[in-house]
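# Observations on the three-dimensional arrangement
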Amino acid sequence: MTRLKILFNSLRFKLVMATVVVEITMLTILVWNSSRLINKNLALQTVGHLQEMQPLLNASIAGPLLQEDYARLAEVLEQVVNKENLRYIAVRDATDRLFIERGTRYQKQSAVVSGSKRTLEQHLLSSSGDQPYTFSMPIKMQGRTIGRIIFQYETRLISSAIRQVRQQGITVATLEIVFSVLLLLLIGATLTRHLRELTNAVKLIPETRKFSLDIHSNDEVGDLCSAFRQMTMELNLRDREREELLKELSEREQNLRTLTENAHDGILVNLDGRHVFANRYIADMLGYTVDEIRNTGIDDLVHPDERRKVLDRFKARMNDKNPQNHYETLFVSKNGDAVPVEITAAKTLWHGRPAGMVIVRDITRRKEFEKQLQAHQEHLEELVRNRTRELEQTNKELEAFSYSVSHDLRAPLRGIGGFSQLLIDEYTHQLDSEGQDYLNRVHAAAIHMSRLIDDLLQLSKITKLEMRVKPIDMSALVEAVVARQRDKEPQREVEVRIQPGMQAQGDPNLVEIAMHNLVENAWKYTQHVEHAKVEIGCTTEDGVATFFVRDNGAGFDMDYAEKLFGPFQRLHTQQEFEGTGIGLATVARIVQRHHGRIWARAEKNKGAVFYFTLG
Amino acid sequence: MCRLPLLLFAVFHWYSGIAAGTVAGAAEKKPLVFGLLPYLSPNLLIRTWNPLLDHLEKKLHRKIVVKTAPDFKTFIARTRKQRYDLVLTAPHFAALAHSQRRYTIICSFSNTLYGDIVVAGTSSYSRIEDLRGKTLAVPDYLAIITLLGEKKFRQRGIITGVIGRIRYNRSHNNALVSVIEGKADVAVAVAGLAKKIERTSARPGLFRYIGRTESSPHIMFMASNTLSADQKKQIARALISLNSSADGRRFLARLGWGEIRHPDADDIEYIARFLPLLKQRLRR
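Residues numbered from 1 in each chain as written. Chains lettered and ligands numbered in written order. Predicted model: local features only at pLDDT ≥ 70, side-chain atom pairs only at ≥ 80, totals over all residues. Heavy atoms only, no water.

### Some words on the overall build of chain A
Scanning chain A from N- to C-terminus turns up 15 helices and 17 strands. For chain A, the proportion of its 615 residues judged to be buried stands at 37%. Across chain A, every contact between residues at least 6 apart in sequence was considered, and the portion connecting residues at least 24 apart equals 58%. Per element, the accessible surface of chain A, about 38,000 Å² overall, is 54% carbon and sulfur. (Helix = DSSP H or I, 4+ residues; strand = E, 2+ residues; numbered from the N terminus. Buried < 20%, exposed > 50% of the residue type's maximum accessible area, 1.4 Å probe, protein only. Contact = heavy atoms within 4.5 Å. Areas by Shrake-Rupley, 256 points an atom, 1.4 Å probe, with all protein chains shown as cover.)

Set out below in structure tokens:
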């Protein structure tokens, strides 16, 4: 029974059965179609013949039938009957009364069918195909049916021809099927022998990891054999790779375990609210044994004040909502002490299930340090505040002193300046040249000192002025400054370029003083240049609006650039360029009050550029 | 005791009534066999009378089966055997059937029937009297035109009963052709036919008219006495209604026999005068 089942399930049996079914189907269609075509052609031929006869018979029969001229009808019918397989012919009148018949009527035929090729085809294909085919046609005269003619047509020869075609077809088909089955059995036997060998060889692969079968064949079985050999080799290679991988994994696991066990941080894994893993460090930190801590939950280890926060973040993490992963909290030790910790949490897998992993760092000492640091910082801040207060007080006193000194010095200085001018104007001729020189020097020194005092007062004023920050149209401001400068020195021809549309945020009065000093500076240091050029514009450096004043004047040596913005610092002699050395210090102070920055770039005799920002 | 035979009688009577009704109903559904006088070839006969046949089928809701016969004599014999339900026949044949009580004349045509007496256009005969001893061509020896023609010549004493001077033909056409071919000196054919031949052959003056026969009632419709009086009336109504339909009027105009009308008693009386001669000829 089992052998029979194996046979039915075998590829060979299925192949043979499929082929037989296909062959039977195809050959049946072929035989049936051939038979149908012959049938159709013979039927068409026969019907065509009958249709050709119809008008002739109609013409011959209609008149005598209408006249009921029996003798003439008999004459016509006798000429037709027993010719061209027509064995019987009858004429019925319009009342279906049999009027005349000739030939031998086939009595068993009961159905009289109207003439059409389909009915003749059907008749030839039917079991009564051997019997004569009864065929009826109307007899018409001037469109009026006056009777009908009935034929019985001998179809024995046609049926016999069709039968012979069928029998021959069936014989050929049967022989072909038998040969096909035998051939397939032979091929199947060869094929399945190889397949059997192949199966046995494949069954040994898991055990031996070898494929020893060697079928030298160029067909699919040979290909299959090669594929199995290749597969076995791949399998062995994979086995080796897997072993190496397992070894590596084992090493990694060992390293990880060592790392975890010896880590200077606590490590916990929480699955479904319970700790399923804890290293020694966390156990020691909280006063538990490792086994004890592995049975605890978040509630047991986290301080009650922090429990809600930690649980919420744990749940959010498990739901992939990305809460804060790194934060400080409080744990509680076995004996109830609060332990400040810093935790780093992440979602992981524990035996294929989502779990939370937490690295716990004891920050008790850090917290103590922080407390100490805070105390130090507070102490330092107190010291700074005290010092600042003292400095502010000193500054105020100093400013008051310098203001009053400057102010008080101006009155005697005006006297020296005024009277020395009177001497120059009215008594110069009474002095010799040396005396005149001394007098001129006194007068010049007084004027210089007056300027110095004015500048110092301005510098002092700038420091004290209250800031009123608002938007400034820098281009308009610069144009006004340049216009005033041109009025001051109308004899100078200076080419000035002002970038339109410049805007700034600052105290307009202070910014105007700064810009005045810079423009005046450029004007001054270009006085010896044939084609003086001054350009005022704005650029962006590190995302900050940076204003600049560029000239093609005397420039300076960049080695001394640091001294540039200090009060009373001058890089040129008084003979070369007049000045007090307060102007750039004033500009620097204004920029400083706007929390901005000022710097310069220059080259000796090639001009200078002053840059500044306003916070 | 006495009630059972009465009941059985009533049931029998009721059943007989149903059976008779069923038979009558079936008879009504039977096709009406219409016998046409074979005065033309079968093909022409059908072509000529098809509009009337269609009209009758439509009006009577019955199929009409057309029949005719190879010749007049056979037609008369079949009429006598009541092979037809309805007959279109010559007036003297109608009178014969009427006299035999097999059929009833139900309709006739309004025009009268007479024959033209013609000689060849090239001949010198101008009067009937000139034709004494000459050969006369007529249609079938049973045709009414033949009888009318013979009567005409007999009245004038031209024909003295010697049949050898009369040439009978299968049709009126043939009778006229005999004159042209010189096989006869004079011919009698249905009125208008000679003119029609001249027109269709485009040969005017082919014939010369030297007289005409007396008039007879025209072709008649008869219904078999196997039909009920109602059925006969219904058929007569259907025939007469042809006069009022457009198709019917066109058909009657083409036929040229006038309208269809009810028969006149005088018609039968007139035509009955030919019956002895007809019977005599039928016995030949």
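### Considerations on the overall build of chain B
Counting secondary structure elements, chain B contains eleven helices and 13 strands. Sorting the 284 residues of chain B into buried and exposed places 46% on the buried side. Within chain B, counting contacts between residues at least 6 apart in sequence, those at least 24 apart form 77% of the total. Here chain B has roughly 14,600 Å² of accessible surface; of this, 55% comes from carbon and sulfur atoms.

### Side note on the sheet that holds strand 8 (residues 166-168) of chain B
Residues and elements named next belong to chain B. If you walk across this open sheet you meet the five strands as 8-7-9-6-10, and the pairing is mixed. The open sheet has two edge strands, strand 8 and strand 10 (207-212), and neither has a second partner. Pairwise comparison of adjacent strand axes, ignoring direction, gives a mean angle of 30 degrees for this sheet. With three bridges connecting them, strand 7 (residues 136-138) and strand 8 associate as parallel partners. Across the sheet, residue Leu 136 finds its bridge partner in strand 8, namely Ile 166. The strands touched by helix 5 (residues 144-155) are strand 6 (115-120), strand 7, strand 8, strand 9 (186-190) and strand 10; relative to strand 9, the strand with the most contacts, the crossing angle is about 135 degrees. Along the sheet, helix 7 (residues 193-200) contacts strand 6, strand 9 and strand 10; its crossing angle with strand 10, the most-contacted strand, is approximately 165 degrees. (Pairing = 2+ DSSP bridges. Axes fitted to C-alpha atoms, helices over the stretch in contact; angles between N-to-C directions.)

### Let's talk about the pairing of strand 10 (residues 353-362) of chain A
The two faces of a sheet get side chains in turn, since along a regular strand they alternate between them. All names here are of chain A. Sheet topology note: the strand 6 (residues 266-271)/strand 10 ladder contains five bridges and is antiparallel. Bridge assignment links Val 269 to a residue of strand 10, and that residue is Met 357. In terms of strand pairing, strand 9 (residues 338-350) meets strand 10 through ten bridges, oriented antiparallel. Bridge pairing in strand 10 links Val 341 to Asp 362. Here strand 9 folds back onto strand 10, and the loop between the two strands holds two residues, one of which, His 351, carries a positive phi near 50 degrees.

### As for the pattern of salt bridges
Scanning the entire structure with this criterion turns up 38 salt bridges over all chains. Between Arg 366 of chain A and Glu 328 of chain A there is a salt bridge, with its nearest N and O atoms 2.8 Å apart. Here the residue Arg 366 of chain A occupies a position in helix 11 (residues 364-427), and Glu 328 of chain A occupies one in strand 8 (residues 326-332), the gap between them amounting to 38 residues. Across the pair Glu 578 of chain A and Arg 451 of chain A runs a salt bridge whose closest N-O atoms are separated by 3.4 Å. Taken together, the positions of Glu 578 of chain A in the loop between strand 15 (544-551) and helix 15 (583-593) and Arg 451 of chain A in helix 12 (residues 433-464) put the pair 127 residues apart, joining distant regions of the chain. Salt bridges linked by common partners bring Glu 68, Asp 93 and Arg 97 of chain A together with Lys 67, Arg 78 and Arg 83 of chain B together as one network. (Salt bridge = Lys/Arg side-chain N within 4 Å of Asp/Glu carboxyl O.)

### Looking at the interface of chain A and chain B
Counting from both sides, the interface comprises twelve residues of chain A and, opposite them, 19 residues of chain B. A per-residue breakdown of the area chain A buries against chain B is headed by Leu 66, Gln 142 and Arg 144 of chain A, which together make up 45% of the total. At the junction of chain A with chain B, the criterion picks out six salt bridges. A salt bridge links Glu 57 of chain B to Arg 144 of chain A; the shortest N-O distance between them is 3.1 Å. The interface formed by chain A and chain B includes twelve residue pairs in polar contact (both at pLDDT 80 or more). Here the side of chain A that touches chain B takes three residues from helix 2 (residues 11-67) of chain A, the largest share from any one element. Here the residues of the side of chain A that touches chain B are counted per class, giving three nonpolar, four polar and five charged. (Buried area = accessible area lost by both parts, 1.4 Å probe. Polar contact = N/O pair within 3.5 Å; in protein donor to acceptor, adjacent residues only side chain to side chain. Nonpolar A, V, L, I, M, F, W, Y, C, P; charged D, E, K, R; others polar.)

### Concerning the side chain of Asp 93 of chain A
By secondary structure assignment, the location of Asp 93 of chain A is in strand 1 (residues 86-93). A polar atom in the side chain of Asp 93 of chain A sits 2.6 Å from the side chain of Thr 95 of chain A. At a separation of 2.9 Å, a polar atom in the side chain of Asp 93 of chain A contacts the side chain of Lys 67 of chain B. Not counting the four nearest positions on each side in its chain, Asp 93 of chain A is found in contact with Leu 65, Ile 146 and Gly 147 of chain A together with Lys 67 of chain B.

### Comments concerning unusual backbone geometry
Although it is not a glycine, Gln 142 of chain A adopts a positive phi angle of roughly 50 degrees. Mapped onto the elements of the fold, Gln 142 of chain A is located in the loop between strand 4 (133-141) and strand 5 (144-153). At Gln 82 of chain B, a position not held by glycine, the phi torsion is positive, near 55 degrees. Within the secondary structure, Gln 82 of chain B is located in the loop between helix 3 (72-80) and strand 3 (86-89).

### A few points about the packing of aromatic side chains
Counted according to the given criterion, the structure contains 19 aromatic pairs over all chains. Ring centres of Phe 565 of chain A and Phe 610 of chain A lie 6.3 Å apart, and the angle between their planes is 85 degrees; this geometry places the pair in the edge-to-face category. Placement of the pair is Phe 565 of chain A in the loop between strand 15 and helix 15 and Phe 610 of chain A in strand 17 (residues 607-612), with a sequence separation of 45 residues. As far as the burial class goes, Phe 565 of chain A and Phe 610 of chain A line up, both buried. For the pair Trp 49 of chain B and Trp 257 of chain B, a centre-to-centre distance of 5.7 Å together with 55 degrees between the ring planes defines the contact as tilted. Of this pair, Trp 49 of chain B sits in helix 2 (residues 42-60) while Trp 257 of chain B sits in the loop between helix 9 (246-255) and strand 13 (260-261), placing them 208 residues apart in sequence. (Phe/Tyr/Trp six-rings, centres within 6.5 Å; stacked < 30°, edge-to-face > 60°.)

### Structural notes on the sheet that holds strand 12 (residues 494-498) of chain A
Two orientations exist for strands paired in a sheet by backbone hydrogen bonds: parallel and antiparallel. All names here are of chain A. In spatial order, the strands read 12-14-15-17-16; together these five strands make up an open sheet with mixed pairing. What marks the edges here is a single partner per strand, and that holds for strand 12 and strand 16 (598-603). Averaged over all pairs of adjacent strands, the angle between their axes in this sheet comes to 15 degrees, without regard to strand direction. When strand 16 meets strand 17, the two strands line up antiparallel, connected through six bridges.

### Some thoughts on helix 12 of chain A
Residues and elements named next belong to chain A. With 32 residues, helix 12 should cover 46 Å at 1.5 Å per step; its first-to-last C-alpha distance of 46 Å lies within 8% of that length. For helix 12, the complete set of buried residues consists of Gly 435, Leu 439, His 443, Ala 446, Leu 452, Ile 453, Leu 457, Leu 459, Ser 460 and Ile 462. Buried positions along helix 12 lie against helix 11, helix 14 (508-525) and helix 15. (Expected span 1.5 Å × (residues − 1).)

### Things to note about helix 5 (residues 156-208) of chain A
For helix 5 of chain A, spanning 53 residues, the distance from its first C-alpha to its last is 75 Å, which sits close to the expected 78 Å at 1.5 Å a residue. A positive phi of about 60 degrees marks Arg 209 of chain A, the residue just after helix 5 of chain A.

### A look at the nonpolar core
Here is a general trend for soluble globular proteins: nonpolar side chains tend to be buried in one another's company. Ranked by internal contacts, the top residues of the largest apolar core, which has 105 residues, are Ile 61 of chain A together with Phe 34, Trp 49, Leu 52, Phe 109 and Phe 221 of chain B. Leave out the neighbours within four places in its chain, and Trp 49 of chain B touches Leu 36, Tyr 39, Leu 88, Phe 109, Phe 221, Phe 251, Leu 255 and Trp 257 of chain B. Listed in part, the 42 residues of the second largest apolar core include Phe 565, Ala 588, Ala 602 and Ala 608 of chain A. (Core = buried A, V, L, I, M, F, W, Y, C linked by side-chain atoms within 4.5 Å.)

### A closer look at a negative patch on the surface
On the surface, Glu 234, Glu 241, Glu 243 and Glu 244 of chain A cluster together into a patch of negative charge. Considering the arrangement of structural elements, one finds Glu 243 of chain A in helix 6 (residues 220-262). (Patch = residues over 30% accessible without salt bridge, like charges linked within 9 Å, V, L, I, M, F, W, Y side chains within 5 Å. Lys, Arg positive; Asp, Glu negative; His and termini not counted. Charge placed at Lys NZ, Arg CZ, Asp CG, Glu CD.)

### Comments concerning the confidence of the model for chain A
Residues and elements named next belong to chain A. Overall, the prediction assigns chain A a mean pLDDT of 85, with 96% of residues at 70 or greater. Averaged pLDDT values over the elements of chain A bottom out at 48 in strand 3 (residues 113-114) and peak at 95 in strand 12. Within the model, the stretch residues 109-117 combines pLDDT values under 50 with 25 contacts to residues more than four positions away or in other chains. (pLDDT = per-residue confidence, 0-100.)

### Here we look at the packing of helix 2 of chain B against helix 9 of chain B
Residues and elements named next belong to chain B. Look at helix 2 against helix 9: their axes get within 10 Å of each other, and the N-to-C directions meet at 150 degrees. One finds that helix 2 runs roughly antiparallel with respect to helix 9. In this structure, the crossing between helix 2 and helix 9 has a hand that is left-handed. Between helix 2 and helix 9, the contacting residues are Thr 48, Trp 49, Pro 51 and Leu 52 on the first element and Phe 251, Arg 254 and Leu 255 on the second. Class assignment for the residues of the contact of helix 2 with helix 9 results in five nonpolar, one polar and one charged. (Parallel < 35°, antiparallel > 145°, perpendicular 65-115°, else oblique. Left-handed = near helix turned anticlockwise from the far one by under 90°.)

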